[in-house]
Structures are given as C-alpha cells and as structure tokens.
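Structural characterization, general
Spelled out from the first residue to the last, the chains are:
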Amino acid sequence: GNSVTQMEGPVTLSEEAFLTINCTYTATGYPSLFWYVQYPGEGLQLLLKATKADDKGSNKGFEATYRKETTSFHLEKGSVQVSDSAVYFCALSVPGSNTGKLIFGQGTTLQVKP
Amino acid sequence: NAGVTQTPKFQVLKTGQSMTLQCAQDMNHEYMSWYRQDPGMGLRLIHYSVGAGITDQGEVPNGYNVSRSTTEDFPLRLLSAAPSQTSVYFCASSSGTGRGEAFFGQGTRLTVV
C-alpha cells in the first residue's frame, strides 16, 4: 500500500543550524510529494512540492528533492530561524486516484532556539 | 480571500451527543476531505468527496457521516460522540490540477468527555 515515514521528533536546533528532516515513502505508482508546515494553533500550509522524479521543490529557503531510487523526499534548510519552529508533515498524493486524497507521515516537531 | 473556513474552532461534547462540523470553501474546488490529527499519527483521512453528490470513506470513517450537496460545503457529522473522537479535525480542498496540493482550514479542536 501507500505510506509515508518521517523521522521521529522533536528536533531541537540552535538558530542558523542546518536542518534535515528525513522522509521516505512507499507507493504503487508515481505519486506527487509534498511538505506541509503547521505553525502553532494553525492549519497546514503547503511548504513545497515535487511532482516527478528528480524534481526539486523549494520555498522560503527550504528544499527537497524527489528521489525515486531511494523513495525519499528529505527536507533541508541551510540556516534555520526561530520563526521556523513548527510541525512539518511529509505527504504523498495517492497515485492515479484523482481524488485529492493525501497520505501523511506522522509529523516532525522542530524547535529552534535563539 | 477566505479559502477554507471551518466552524467551530473549539467544541466540547458529552459522550453520546451529536454535532456537525462545518466546512466551506470559496475556490470552486472539486475535491474536499476531512482529516483527523492525533499525536504521533499524522493526519488520517475520514471521508472525502470528488464532487457534489459524491462521497466516499477514507481510512477512519466509523462514527462519522458526510454529505456534499453543493460544491462549496462539506459538513462532517458525529452521530454519537465517543471519547475516542477527541481530536483536531481539518477540512481540506483541492482542485485536482495541482496533483493533490490541498488547502486546509484552521481546524476544529473537539473534546468528548
């Protein structure tokens, strides 16, 4: 079946540190891949996406590359800020379903300290 | 620029009570979904709809009911609330053209006592 696995959190970093949040997926077919971010007390917002193998999504200094050979979509940022503290979700769209359905990982909490 | 609007933001129910969580979107999206968010489990799909008059079950549909009479609205009904339904509920919509990219409401935090 289809599933997403994220690294366990919480992740605690100092400001300006390098961030990696690992995400691997299992899918029958060719899903699109997404990173969503949830700030405290808010809903989820799309951070970035990639729709085919080797695509790189980027936004607000965050990047992730769709790696079909390793079935991964790791999130990276070169220098985190306190304002990046949030919960990050990796997700995939169900391949071929054309329903708008998403499958989410369990979420990774990031805390950035000044 | 409303996007996806959910009401209420917070709700406390007694076991056995029923209620409806409202969701409305103003982007003319075909696809709408309801998810629940529980600690350590990410978001799990409850029900979804691919257009007015068409709904289907997701991963955790038991205890919930939905209907979609218009493109804009997709209410979620709890038929007889149970403590296991204590969660944060999110409604989402998407056009389908973004290959699954979804827009989320602010969420409803529901506590069943």
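The structure presented is a predicted model; accordingly, all values stated were derived computationally and were not measured. (Residues numbered from 1 in each chain as written. Chains lettered and ligands numbered in written order. Predicted model: local features only at pLDDT ≥ 70, side-chain atom pairs only at ≥ 80, totals over all residues. Heavy atoms only, no water.)

1. What about the interface of chain A and chain B?
In this assembly, 22 residues from chain A lie in contact with 21 residues from chain B. Taken together, both faces of the contact between chain A and chain B bury some 1,800 Å²; the carbon and sulfur share is 51%. One can count one salt bridge joining chain A with chain B. In this structure, the salt-bridge partner of Glu101 of chain B is Lys49 of chain A, at a minimum N-O distance of 3.2 Å. Counting across the chain A and chain B interface gives six residue pairs in polar contact (both at pLDDT 80 or more). (Contact = heavy atoms within 4.5 Å. Buried area = accessible area lost by both parts, 1.4 Å probe. Salt bridge = Lys/Arg side-chain N within 4 Å of Asp/Glu carboxyl O. Polar contact = N/O pair within 3.5 Å; in protein donor to acceptor, adjacent residues only side chain to side chain.)

2. Details of the nonpolar core
With 26 residues, the main nonpolar core has Leu19, Trp35, Leu47, Leu48, Phe73, Leu75 and Tyr88 of chain A as its most contacted residues. Among the elements of the structure, strand S2 (11-14), strand S3 (19-21), strand S4 (23-26), strand S5 (33-38), strand S6 (44-50), strand S8 (62-65), strand S10 (86-93) and strand S12 (108-113) of chain A are those that each provide at least two residues to this core. For this core, the element with the highest residue contribution is S10 of chain A, accounting for four residues. Excluding residues within four positions of it along the chain, Leu75 of chain A makes contact with Leu19, Thr20, Ile21, Trp35, Leu47, Leu48, Phe62, Glu63, Ala64 and Tyr88 of chain A. Membership of the second largest hydrophobic core comes to 19 residues, among which are Met32, Ile46, Leu78 and Leu110 of chain B. (Core = buried A, V, L, I, M, F, W, Y, C linked by side-chain atoms within 4.5 Å. Buried < 20%, exposed > 50% of the residue type's maximum accessible area, 1.4 Å probe, protein only. Helix = DSSP H or I, 4+ residues; strand = E, 2+ residues; numbered from the N terminus.)

Read these as geometric descriptors, not functional statements.
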